[in-house]
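Here is what each chain is made of, one letter per residue.
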Amino acid sequence: MRVRVDPGVCVGAGLCVLRVPGMFDQDDTDGTVVLLRADPDPGEEDAVLKTVTSCPSGALQLDR
Ligand code: SF4
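Residues numbered from 1 in each chain as written. Predicted model: local features only at pLDDT ≥ 70, side-chain atom pairs only at ≥ 80, totals over all residues. Heavy atoms only, no water.

A few words on the overall build of the chain. Looking only at helices and strands, the chain has 2 helices and 4 strands in total. Starting at the N terminus and ending at the C terminus, the chain contains elements arranged as β-α-β-β-α-β. Dimensions of the chain, computed from C-alpha atoms along their principal axes, come out at roughly 30 × 20 × 15 Å. Scored against the burial criterion, the 64 residues of the chain give a buried share of 33%. Long-range contacts, defined here as pairs at least 24 residues apart, represent 54% of the contacts in the chain between residues at least 6 apart. Carbon and sulfur atoms provide 50% of the accessible area of the chain, an area that totals close to 3,800 Å². (Helix = DSSP H or I, 4+ residues; strand = E, 2+ residues; numbered from the N terminus. Buried < 20%, exposed > 50% of the residue type's maximum accessible area, 1.4 Å probe, protein only. Contact = heavy atoms within 4.5 Å. Areas by Shrake-Rupley, 256 points an atom, 1.4 Å probe, with all protein chains shown as cover.)

For T51, the position within the fold is in helix α2 (residues 45-54). A distance of 2.6 Å separates a polar atom in the side chain of T51 from the backbone oxygen of A47. Ignoring anything within four residues of it in the chain, the contact list for T51 reads C16, R19, V20, F24 and L60. (Polar contact = N/O pair within 3.5 Å; in protein donor to acceptor, adjacent residues only side chain to side chain.)

Our focus in this paragraph is the site of the ligand. Inspection of the region around the ligand gives C10, V11, G12, A13, G14, L15, C16, V33, C55, S57, A59 and L60 as its neighbouring residues. With respect to the detected pockets, the ligand is housed in the largest cavity. Split by residue class, the shell around the ligand holds 9 nonpolar, 3 polar and no charged. (Near = heavy atom within 4 Å. 1 Å grid on protein atoms, 1.4 Å probe; cavity = no way out; pocket = protein on both sides within 12 Å on 5 of 7 lines; lining within 4 Å. Sits in = over half its atoms within 2 Å of the grid points. Nonpolar A, V, L, I, M, F, W, Y, C, P; charged D, E, K, R; others polar.)

Now for the UniProt feature "domain: Divergent 4Fe-4S mono-cluster" (unreviewed entry) in the chain. Under the present numbering, the feature "domain: Divergent 4Fe-4S mono-cluster" (unreviewed entry) in UniProt falls on residues 2-62. Within residues 2-62, the helical portion is 25% and the strand portion 21%, while the C-alpha atoms at the span's ends are 6 Å from each other. (UniProt positions renumbered as here; feature names shortened; annotations may be inferred.)

Written out as structure tokens, the structure is:
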């Protein structure tokens, strides 16, 4: 599982940062998503899956 992000469509809601803070951050200036790490640890996979499916803008995608 690998995560891709598209900051161009992110609305900066911050849900991903709250759910998986080790993988996502927000840009200091506009709040859009910053991917810190593309590969979830095994213990993070469920949270990543839920986060990707609940992102309100569709800015997160998974490659499996
Ligand atoms: S949950 Fe989606 S819209 Fe919200 S900050 Fe993360 S990528 Fe952007």
